[in-house]
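Descriptive analysis of the structure
Chain by chain, the residues:
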Amino acid sequence: MKFVASSASLLISVGLSNLSPSLAFNCRRTSAIIGRFTSTKRYHAATMMTRSDSSSTSLLSSSNNNSNSNEETVPSPSLTYTPISSISPLITEARTSYATHFTHPYQFRLAQLDGIERLIRDNYSALSKTINLDLGQGSMYAEAFELTGMLGRISYAKSNLRQWMTTQSVPTPFPVNLNMPVHSQLTPYPRGVALIISPWNLPITLTLTPLLEAIAAGNVCVLKMSEKCVHTTSLLTELLSSGKYLDQRVVKVVNGEAEEATELLRHRFDVVSYTGGEKVGRIVNEAAAKHLTPTLLELGGKNPVFVTKNADIACAAMRIAWGKVTGNAGQLCISPDYCLVEESVKEEFVEALCKAMDEFYPVSSYSGNNGDDNSRGDVGKMISVEHAERVVSMVDSTCNVIYGGKHHDTKERFVAPTIVEATADSTVMKDEIFGPILAIVTVPDLDSAIEYVQTNFSSKGKHPLNLYLFTKSKKEQQQIMNAIPSGTCAVNDVIKHSANYYVPFGGIGTSGLGAYYGKFGFDFFSHYRGSLLVKNHSTSKLDPAVWMQFPPYNDKKIFAFRSLSKLPLIFGPLKRIAPVAKVLLPVALGGLLFWAGIMVERLKYFG
Ligand code: NAD
């Protein structure tokens, strides 16, 4: 591990020293936009960094994930917001360059995917460091949740890109096939200029995944990352705009807050992808609808975890405790939000859960989150002081704290892992928690647990993004999955399902619209154009198809049309017996030849 880390650091220090100093400079806020400094400053001021040099250098030059290094003081970057007045020209530029269709060829797209891969490999430690600075997470988290997964997605897209781009032949049914010979095909066509708005909570994956898939599909992208994860956004801005990894025409970065995003949304895009909260999701959807733009909304909500009496309780407790806290201190759209536990196993479950919390996240490990030991960071930090305060305030007199609840340090953005007992009326059950607090709701049996979710959430369209269930009973698994609609589902585990790019990821109801990941992402960012290719140029009325198609119509034509329309009814069942016919036909032919041979032989006797 040490070897890998130090090699990566070496690569970075060599690779990054080539970057133009002016780029680093450009990423710093200039005096012209000083008016907006205060709001951004709020976020990086909260990261507890000490400045070793007030003339602050680029994040890259100090990238080093070695906790023993003396270079712990990473200068605070500042995020240059894109001036509002330059957003419109930037979109026009994206549109003009897309119109040349330079993104269409396979080789071009592949080179861009290679570029994203190099971007991650060359800057592995620096990216891991920014995750630590923004979210207080250690390198194990950054690698497992962000970097390794991203490399897997890129490699999967690269190996499948040619096949995804291939035009597929499809059948041509009656009466479309009357002009034989005809051919039907399906071709993925880029949508054009894509707007991608990404959040702060998995800033690398949730930025680079839609970007990767939009580029694979041949689009030009305008990217708006979150202003809250200032270190990661600064670094990604620098890398994506450097021209070192991606063709600069393919991605245009716009930085800013709601104001810049609103300006972006005034314009027409050909496709929009938004990941973030529901409230802004509605704004984005409304703005996109004005231009009839297809929109992918990756939103959130409360993810229930069913723990039935047939669950392996110790295993469930370990996995839930891990998923709740390691998963970015609960700041993931896939975080377990609340557990519905059957009364008969509640005590055993709570005991196992507290034991797991103590074992994985002892109070002594909290110090690792105060910036003095970057290699730990087992319990991450909240993204901002405001968010930490919001999460802590959810634990009020409406619930009963059964684990933790102390040691919060909201000024340092730290919320300690906490377990509370709640009811439907508890504050903690009103909104997505998005922090390391787990709510436990006790239910008499499985039917009541299902009813709880249906009454409080499903009936209002608040379908969970993720449904988690812990039970060894297949019958119970089926019962829960049938009763509760959800974007995705994991049985006897949490979180990990979302890293599988062979299945689509996306919500349902208030948790989202559409899905992406791998081929599903490529499909979302493509328009599948169906085409009919007719090679027959006949105009002769002796051609039955011509005679029948064109007026004046009469009874004969109607009769002919009706008769032909019945052919699929005959050929349909024939198709079904085709596999059997394939075997029987040679046997029958062989038999026929054999019989013919005998007959020829016998003909002699008739002479
Ligand atoms: P956020 O604050 O980072 O916002 C997301 C993006 O929206 C940012 O780039 C932000 O600048 C932009 N934005 C802010 N105001 C805007 C406006 N008026 N118009 C357009 N864009 C605007 O993220 P957040 O909302 O705090 O994210 C947390 C939520 O996101 C949670 O609910 C979580 O469950 C959800 N989420 C969902 C997924 C998913 O894949 N389904 C992934 C991550 C997070």
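The shown structure was predicted, so the numbers you read here are calculated from the model rather than taken from an experiment. (Residues numbered from 1 in each chain as written. Predicted model: local features only at pLDDT ≥ 70, side-chain atom pairs only at ≥ 80, totals over all residues. Heavy atoms only, no water.)

Moving on, we get to the overall build of the protein. Per the secondary structure count, the protein includes 21 helices and 16 strands. Considering the protein as a whole, with its 607 residues, one finds that 51% of them fall into the buried category. Contacts spanning at least 24 positions in sequence make up 74% of the contacts within the protein whose residues lie at least 6 apart. In the form shown here, the protein has an accessible surface area of approximately 28,000 Å², with 60% of it arising from carbon and sulfur atoms. (Helix = DSSP H or I, 4+ residues; strand = E, 2+ residues; numbered from the N terminus. Buried < 20%, exposed > 50% of the residue type's maximum accessible area, 1.4 Å probe, protein only. Contact = heavy atoms within 4.5 Å. Areas by Shrake-Rupley, 256 points an atom, 1.4 Å probe, with all protein chains shown as cover.)

Turning next to helix α15 (residues 446-456). Taken residue by residue, α15 has Leu446, Ala449, Ile450, Tyr452 and Val453 as its buried positions. What you see down the axis of α15 is that its buried residues fit within an arc of 150 degrees, all on one side. Opposite the buried face of α15, by more than 90 degrees, sit the exposed residues Asp447 and Glu451. Structurally, α15 contributes buried residues whose contacts are with β8 (304-307), β9 (338-342), β12 (437-443) and α16 (474-483). (Arc of directions from axis to C-beta.)

Okay, the packing of aromatic side chains next. For the structure shown, the criterion picks out 17 aromatic pairs. Seen from their ring centres, Tyr141 and Phe145 are 4.6 Å apart, and the 20 degrees between their planes marks the pair as stacked. Linking Tyr141 with Phe145, this pair stays in helix α7 (residues 139-165), spanning four residues, or about one helical turn. By relative accessible area, Tyr141 is classed as buried at 4%. Judged by its relative accessible area of 17%, Phe145 is buried. Between the aromatic rings of Phe505 and Tyr517, the centroid separation amounts to 5.2 Å while the plane-to-plane angle is 20 degrees, which identifies the pairing as stacked. You can see Phe505 sitting in the loop between β14 (488-491) and β15 (512-513) and its partner Tyr517 sitting in the loop between β15 and α17 (518-524), a full 12 residues away along the chain. Site record: aromatic cluster; members linked through ring pairs are Tyr156, Trp164, Tyr501, Tyr502 and Phe522. (Phe/Tyr/Trp six-rings, centres within 6.5 Å; stacked < 30°, edge-to-face > 60°.)

For the rest of this paragraph, the subject is the nonpolar core. By size, the foremost hydrophobic cluster in this structure holds 115 residues, and its most contacted members are Ile120, Leu211, Val222, Leu240, Ile320, Phe349 and Leu353. Excluding residues within four positions of it along the chain, Leu211 makes contact with Ile196, Cys221, Leu240, Leu246 and Val251. Core analysis: the next-biggest nonpolar cluster, separate from the first, contains 29 residues, Phe306, Val428, Leu446 and Ile484 among them. (Core = buried A, V, L, I, M, F, W, Y, C linked by side-chain atoms within 4.5 Å.)

Okay, the pattern of salt bridges next. All told, the structure shown has 16 salt bridges when counted by the stated rule. In this structure, Arg121 engages Glu117 in a salt bridge whose closest nitrogen and oxygen atoms are separated by 3.0 Å. Taken together, the positions of Arg121 and Glu117, both in helix α5 (residues 106-122) and four residues apart, correspond to about one turn of that helix. Its relative accessible area of 12% is what places Glu117 among the buried residues. Linking Lys346 and Glu421 is a salt bridge whose minimum nitrogen-to-oxygen distance equals 2.4 Å. Residue Lys346 is found in helix α13 (residues 343-360), and its partner Glu421 is found in strand β11 (residues 418-421); the two are separated by 75 residues along the sequence. (Salt bridge = Lys/Arg side-chain N within 4 Å of Asp/Glu carboxyl O.)

A low pLDDT means the predicted coordinates there should not be read in detail. Chain-level pLDDT for the protein is 87 on average; 84% of the residues reach the 70-or-more range. Note that pLDDT drops below 50 for residues 1-75; the model gives that stretch 124 contacts with residues more than four away or on any other chain. Taken together, the stretch residues 370-375 has pLDDT below 50 and engages in 12 contacts with residues farther than four places along the chain or on a different chain. (pLDDT = per-residue confidence, 0-100.)

The bulk of non-glycine residues show a negative phi, and the bulk of peptide bonds are trans. Pro175 follows Phe174 through a cis peptide bond whose omega is 0 degrees. By secondary structure assignment, the location of Pro175 is in the loop between β1 (168-170) and β2 (182-190). A cis geometry characterises the amide bond from Pro551 onward to Pro552, with omega recorded as 0 degrees. Following the sequence through the fold, Pro552 ends up in the loop between α18 (544-549) and α19 (555-565). Unlike most non-glycine residues, Asn328 shows phi in positive territory, near 55 degrees. You can see Asn328 is positioned in the loop between α12 (313-325) and β9. Of note in the backbone geometry, Arg413 takes a positive phi value of approximately 65 degrees without being a glycine. Looking at where Arg413 falls in the secondary structure, it is placed in the loop between β10 (400-403) and β11.

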